[in-house]
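# Coordinate analysis (summary)
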Amino acid sequence: MGAISLRRRREPTLDVDVFEAKLDDDFLMSSLFTVAEVELARLGLAAVTGDHLDVLVGGLGLGYTAAAALEDPRVASLVVVEALPEVVGWHRRHLLPVSALLTDDELCRFETADFFATVGAGVPLEHGDTGYDVLLVDIDHSPRHVLNARHAAFYTVDGLTRMRSLVRDGGAFALWSDDPPDEGFLTVLREVFTRAETHSVWFDNHLTGGRSANTVYVAT
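Keep in mind it's a predicted model, so treat the numbers as computed, not measured.

## Considerations on the layout of surface pockets
Reported here for the largest pocket is a volume of approximately 710 Å³. Those elements that place two or more of their residues in the lining of the largest pocket are β1 (4-11), β2 (16-23), β3 (26-30), β5 (75-82) and α3 (85-92). Counting residues per element, the lining of the largest pocket draws most heavily on β3, at four residues.

Written as structure tokens, this is what we have:
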């Protein structure tokens, strides 16, 4: 898909270190804007009841979604599926603020695999996981703005139906998007799941001097 890179820079106006991941010249994520990544985990987990939850995160990135999931005491296991070994390596080398939280927690396991070719296609991972109570995905910019053209098939009725086979009864699927709520995609979700809704997650944006929003879709 391109050259992945991680950089750390000092942001003098906020007096903080900023960690940014880029794909070629395209910004993927920044530690300045993690509110919606955290809410992805919280909203997805809030949609299910019960204890001893098995959770899967599609897309490791800077690690904030996975770290937020581990804060829920009901989580019994967390599998993080990341296609790029370089990104897993960043965390194993403790290069990011939450890396140690993930690598030192015995509940968390990294799987270097293509999410769309495995879990996203309804194919269990090699370790034999047969299903999950909560499935959280943050890989593409949005269902319509994908990083690779082959990802687009996942955001269709057929694609989501294949993935749904690994979501247990009473479970939830949650998806992060950089775009505003998309009624077309919400309709697709409602064809596959019993219930689906959107959440607009607002946060302060010091780059614009105003507020910005990401979208979290939650389907149960």
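## Observations concerning the pairing of β3
Summarising the sheet, β2 and β3 pair through four bridges and their orientation is antiparallel. Paired with L23 across the two strands is D26, which belongs to β3.

## Details of the side chain of D54
As for its placement among the helices and strands, D54 is situated in strand β4 (residues 53-58). When its relative accessible area of 19% is taken as the criterion, D54 is described as buried. Excluding residues that lie within four positions of it along the chain, D54 makes contacts with A76, S77, G131, Y132, D133, V134 and R168.

## Remarks on helix α5 (residues 157-164)
Residues G159, L160 and M163 constitute the buried set of α5. The buried residues of α5 occupy an angular sector of 90° when the element is viewed end-on, so they sit on one face. Where α5 is buried, its residues meet β7 (132-137), β8 (167-177) and α6 (183-192).

Criteria and cut-off values
Residues numbered from 1 in each chain as written. Predicted model: local features only at pLDDT ≥ 70, side-chain atom pairs only at ≥ 80, totals over all residues. Heavy atoms only, no water. 1 Å grid on protein atoms, 1.4 Å probe; cavity = no way out; pocket = protein on both sides within 12 Å on 5 of 7 lines; lining within 4 Å. Points joined across faces, edges and corners; volume = space filled by probe spheres on them. Helix = DSSP H or I, 4+ residues; strand = E, 2+ residues; numbered from the N terminus. Pairing = 2+ DSSP bridges. Buried < 20%, exposed > 50% of the residue type's maximum accessible area, 1.4 Å probe, protein only. Contact = heavy atoms within 4.5 Å. Arc of directions from axis to C-beta.

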